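Given next are the chains, with one letter for each unit.
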Amino acid sequence: MSYTGDRKEQRTINTDTGSTTALISEKRWLSVPKVEQQGITPTPEDGRPHTRITDNFTLWFTVNTNSICLSFGIIGMRLYHISFWEGFTCIVIANALSAIPGAIFTTFGPRYGFRQIVIARYSFGLIPTSILSAVNTFAFLGWGVVDVILGAQLLNEVQPSGQDSFPLWAATLIIVGVTLAVTIFGYNFVHFFERWSWIPLWIIFFILFGMSVHHIDFSTLTSSSDVGDVLSFFSLIASAFPIWVQCASDFSSKQPSTFSRPLVALLAYFGAIIPVIVLETLGLAIAVGISQPNENPTWYYGYENNSVGGLVSAVLAPLSWFGKLLLLLLAFGMIVHIVPNNYSVALMMQATVPGFYRIPLWVFSIFVAIVIAVASIAGAEYLATILQSLLPLQMYYICPYATIVMLEHYVFRRGQYRIESWNSLKELPVGLAAVASTVVSYGVALLGARQSWFVGPIAKKISEHGGEIGLWISLVVAACSYLVFRYIERRIFGR
C-alpha cells in the first residue's frame, strides 16, 4: 500500500515483516500494565489517540527550557571569545535555520504514523539504518550524559555552605531514577509531563535574569576581529538542532493524519526556537559577567569550580535558602530534556537489529537508564570536554542525514511511502546511495573542521584561528552527491 497521509483511513499493518497483531501476542509474556509496549512499528490511523495538536508546541518548548542552553551561550564567550552582539546574531540566525528540518519531520508522524528512525529506512535501507541507529544511539547517550551531569552539578550546589557537597554520584542516580519513572510509561506520559513542566522552569529563569542583569557591564564589550571564531560559534549553535532531526516524528506518530501539516510544523518550530534563543542569549549575557572577574568574582570562581552549576549557584546566592530551592528545582528541571532523549534512544535501540522491535520498549528504557547512570558518574568532571567533543562528531553526519531524508521525500518519493515495507529487506532501498553520500560528506566536511583534535586545511585558511565550516560543507556535498547516487541506485535496483 502506498500512503500519502491524505486519507482518513489507513490499513492496519499485517505483513510477514511487521504485523501489529502478531506483535501484541508475541510481547504478552513481557507485558507490564500501563507501560508502553509499542516501539518502532508504524501506528495505524485507528490507533492514534493523541488529538491535542498544541502538544507539538509545548513538547519542544519544554524540551528546550533547560540549563544546557545556558551552556551554549557561555561557550560562545569562554571558548570562542566573541562579543555579545556577535554571539546574539549567531544564536538567532543559526537556530532559525536549523529548526526547519525538524519542523518538517514532525509532520511525518501524523501523516504516516512513522517513528523517525523508520522514515530513515526509506532512504538508507534496512541494514544501513541499523548502523545509523547505533550511531544515533551513541550520540543520544552522550547527550543524556551531558544532561545528567548538568543536573547533578546543580544538585551538588544545593548543600548549605559549610557542609560537605552532595556527592555527584548520588545526584546522578536521583536524576536518572526520576527520569526512568517518567520515560518507562511512554509516549502519552512523556507528552503529559512536558505539557506543564516548563512553567516553574521559566519562573526560575526569569529570576535568574533579574539577579544577573544588574551585574553585567555591556559597555566594556568590544567586537571580535576574528571571523573564524564567529563562524565556529555559529556552526556550534546550528549543530544542536532545536528540534532533534533524528527523532522529530517520534513524538507525533500517534497524532491523526487529519491534523494540518503546516500548523504542526509551525507549532513545533516556534515551540523550539523561542526558548533556545532566549536562554542561549541569557547564557551569553552571564558569560559577560564571568569575563569581568573583578566585578563578579563569585561568578568567576563558581564557574571555574563547578561549571554551569557553580555559576548559577553564585548568581542565586544572594537569595539564601530560596536560591537553594531554585537550584533544586532547576536540577530536576533537566529531566524535561532527558526524558524525550532517553525515550528516543530506546526507540533507536529497537532499530539497531531488525528483530528487536519484538522486545517491549520499556526493556530498552531501563537499559538506557543504566548506561547513562554509569557513564555520567564516570564523566562527571569533564562536562565541557564532553560537550565540545560530542557535538562536532555528530554534526558532520546529522546534516547529511537530514538532507538525504528530505531529498528522498520531496524529490524521489514525492510523499509516497509503502507502509507495509517498513521492515522489509527486499522492498526497502538498498541504501548504498545514502551510505555513500553520508561517508563522502563526512570525509569532505573534515576539510573544513576546526576542532580541538583537528583543524582541516580549508578551516585553517579562515582567519588567524581558523573557522568551522565543516557543517555547511557536509550539507552541500550530501545534497549534490545523493541526487546522483540515488538516481543510479534506482536505475540499478529499481527501488
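In the block above lies the structure referred to throughout.
In this report, we go over the structure that sits alongside the text.

Thresholds, definitions, all that
Along each chain, residues carry numbers from 1 onward, in the same order as the chain's sequence is written. Predicted model: local features are reported for residues with pLDDT of at least 70 only, side-chain atom pairs are reported and counted for 80 or more only, and whole-chain, interface and lining totals are derived from all residues. Hydrogens and water molecules were not included; the side-chain quantities draw on all heavy atoms of the structure. By the criteria applied, helices consist of DSSP H or I runs no shorter than four residues and strands consist of E runs no shorter than two, each listed in order from the N terminus. Residue burial is assigned from relative accessible area. The probe radius is 1.4 Å, only protein chains are included, and a residue is buried under 20% of its type maximum, exposed over 50%, and partly exposed in between. Between two residues, a contact is recorded if the distance between any of their heavy atoms is within 4.5 Å. Accessible areas in this description were obtained via Shrake-Rupley with a 1.4 Å probe; residue shielding takes into account the shown protein chains only. The criterion for an aromatic pair is that two Phe, Tyr or Trp rings (for Trp, the six-membered ring) have centres within 6.5 Å, with stacked assigned to planes under 30 degrees apart, edge-to-face to planes over 60 apart and tilted to the rest. Working rule: Lys NZ or Arg CZ, within 6 Å of ring centre, within 35 degrees of ring normal, means a charge sits over the ring. Within this scheme, the nonpolar core is defined by two criteria: the residues are buried Ala, Val, Leu, Ile, Met, Phe, Trp, Tyr or Cys, and they are joined through side-chain atoms within 4.5 Å. The term salt bridge refers to a pairing of a side-chain nitrogen on Lys or Arg with a carboxyl oxygen on Asp or Glu at a separation within 4 Å. What a helix is expected to span follows from its residue count: subtract one and scale by 1.5 Å. At any given residue, the bend is defined as the angle formed between two axes, one fitted to the seven residues that end at that position and one fitted to the seven that begin there. Between the N-to-C directions of two axes lies an angle of 0 to 180 degrees, each axis being a line fitted to C-alpha atoms and, for a helix, fitted only over the stretch in contact. Here the angle decides the label: under 35 degrees means roughly parallel, over 145 means roughly antiparallel, 65 to 115 means roughly perpendicular, and every other value means oblique. By convention the crossing between two helices is left-handed if the near helix lies anticlockwise of the far one by an angle smaller than a right angle, and right-handed if it lies clockwise. In the scheme used here, Gly and all other residues not listed as nonpolar or charged are polar, with Ala, Val, Leu, Ile, Met, Phe, Trp, Tyr, Cys and Pro taken as nonpolar and Asp, Glu, Lys and Arg as charged. Like-charged residues within 9 Å of one another, or nonpolar side chains (Val, Leu, Ile, Met, Phe, Trp, Tyr) within 5 Å, are grouped into patches, provided each residue has over 30% relative accessible area and no salt bridge. Whenever a nitrogen or oxygen atom comes within 3.5 Å of another N or O atom, the pair is scored as a polar contact, on the condition that within protein one atom can donate a hydrogen and the other can accept it, and that pairs from neighbouring residues in sequence are kept only if both atoms are in side chains.

**Some words on the overall build of the protein**
Logical step 1: Secondary structure summary: the protein contains 20 helices and two strands in total.
Logical step 2: Counting only residues that meet the buried cut, the protein has 61% of its 495 residues in that class.
Logical step 3: Counting contacts in the protein only where the partners sit at least 6 residues apart, residues at least 24 apart contribute 85% of the total.
Logical step 4: In the form shown here, the protein has an accessible surface area of approximately 19200 Å², with 68% of it arising from carbon and sulfur atoms.

**What about the packing of aromatic side chains?**
Logical step 1: As enumerated under the stated definition, the model contains 33 aromatic pairs in all.
Logical step 2: What links up through ring pairs into an aromatic cluster is the set Phe105, Phe108, Tyr112, Phe114, Tyr122, Phe124, Tyr401 and Tyr417.
Logical step 3: The cationic tip of Arg486 hangs over the ring face of Phe412; the distance from NZ or CZ to the ring centre is 6.0 Å.

**Some remarks on the environment of Val435**
Logical step 1: Within the secondary structure layout, Val435 lies in helix H18 (residues 432–445).
Logical step 2: Separated by 303 residues in the primary sequence, Val435 and Leu132 have C-alpha atoms spaced 9.3 Å apart.

**Regarding the nonpolar core**
Logical step 1: In this structure, Trp60, Phe105, Phe114, Phe205, Leu208 and Val312 are the most contacted members of the largest nonpolar core, which totals 136 residues.
Logical step 2: Ranked by residues supplied to this core, first place goes to helix H12 (residues 261–290) with 15 residues.
Logical step 3: Leaving out residues up to four positions away in the same chain, Trp60 has contacts with Thr106, Pro242, Ile243, Trp244, Ala248, Phe251, Ala268, Gly271, Ala272 and Pro275.

**Focus on the pattern of salt bridges**
Once their charged atoms are close, side chains differing in charge can pair, the charge on each being opposite to the other.
Logical step 1: Scanning the model with the defined rule gives seven salt bridges in all.
Logical step 2: Taking the shortest distance from any N to any O, the salt bridge between Glu427 and Arg418 comes out at 3.3 Å.
Logical step 3: With relative accessibility at 42%, the residue Glu427 sits in the partly exposed group.
Logical step 4: Note on Arg418: relative accessible area 40%, which makes it partly exposed.
Logical step 5: A single salt-bridge network, built from bridges that share partners, covers Glu408, Arg413, Arg486 and Glu489.

**Some details on the environment of Ile473**
Logical step 1: Inspection of the secondary structure assignment puts Ile473 in helix H20 (residues 470–493).
Logical step 2: By relative accessible area, Ile473 is classed as buried at 16%.
Logical step 3: Placed 29 residues apart in sequence, Ile473 and Val444 show a C-alpha to C-alpha distance of 7.1 Å.
Logical step 4: In contact with Ile473, not counting residues within four places along its chain, are Val444, Ala445, Gly448 and Ile458.

**With respect to helix H4 (residues 84–106)**
Logical step 1: Counted at 1.5 Å a residue, the expected span for H4 with its 23 residues is 33 Å, and the 33 Å between its end C-alpha atoms agrees.
Logical step 2: The sharpest bend along H4 reaches about 30° and sits at Ile100, with the proline Pro101 one to four residues further on.

**Thoughts on helix H15 (residues 335–350)**
Logical step 1: Given a rise of 1.5 Å per residue, 16 residues ought to cover 22 Å, and the 23 Å separating the end C-alpha atoms of H15 matches this to within 8%.
Logical step 2: Most of H15 sits inside the fold, with 16 of its 16 residues counted as buried.

**Description of the packing of helix H2 (residues 55–63) against helix H9 (residues 187–196)**
Logical step 1: Interhelical geometry of H2 versus H9 gives an angle of 70° and a closest axis separation of 8 Å. Taken as axis vectors, H2 and H9 run roughly perpendicular relative to one another. Here the hand of the crossing between H2 and H9 comes out left-handed. Of the residues in H9, those in contact with Asp55, Thr58, Leu59, Thr62 and Val63 of H2 are Val190, His191, Glu194 and Arg195.
Logical step 2: Taken together, the residues of the contact of H2 with H9 break down into three nonpolar, three polar and three charged.

**Considering unusual backbone geometry**
Logical step 1: Its identity is not glycine, yet Ser320 carries a phi of approximately 55°, on the positive side.
Logical step 2: When you line up the elements, Ser320 lands in the loop between helix H13 (297–316) and helix H14 (321–333).
Logical step 3: You can call Ser320 partly exposed: its relative accessible area is 47%.
Logical step 4: Despite not being glycine, Arg414 has its phi angle at roughly 50°, a positive value.
Logical step 5: Position of Arg414 among the secondary structure elements: in the loop between helix H17 (383–413) and strand E2 (417–418).

**Structural notes on a nonpolar patch on the surface**
Logical step 1: On the surface, Tyr410, Val411, Leu432, Leu483, Val484, Tyr487, Ile488, Ile492 and Phe493 cluster together into a nonpolar patch covering about 860 Å² of accessible area.
Logical step 2: Contributions of two or more residues to the nonpolar patch are made by H17 and H20.
Logical step 3: In terms of residue count, the dominant contributor to the nonpolar patch is H20 (six residues).
Logical step 4: Here Val484 lies in helix H20.

**Structural notes on the side chain of Arg450**
Logical step 1: Residue placement: Arg450 occurs in the loop between H18 and helix H19 (457–460).
Logical step 2: Here the side chain of Arg450 touches Asp229 through a polar contact of 2.8 Å, side chain to side chain.
Logical step 3: Excluding anything up to four places from it in sequence, Arg450 contacts Tyr80, Gly228, Asp229, Ser232, Tyr396, Val455, Ala459, His465, Gly466, Gly467 and Glu468.

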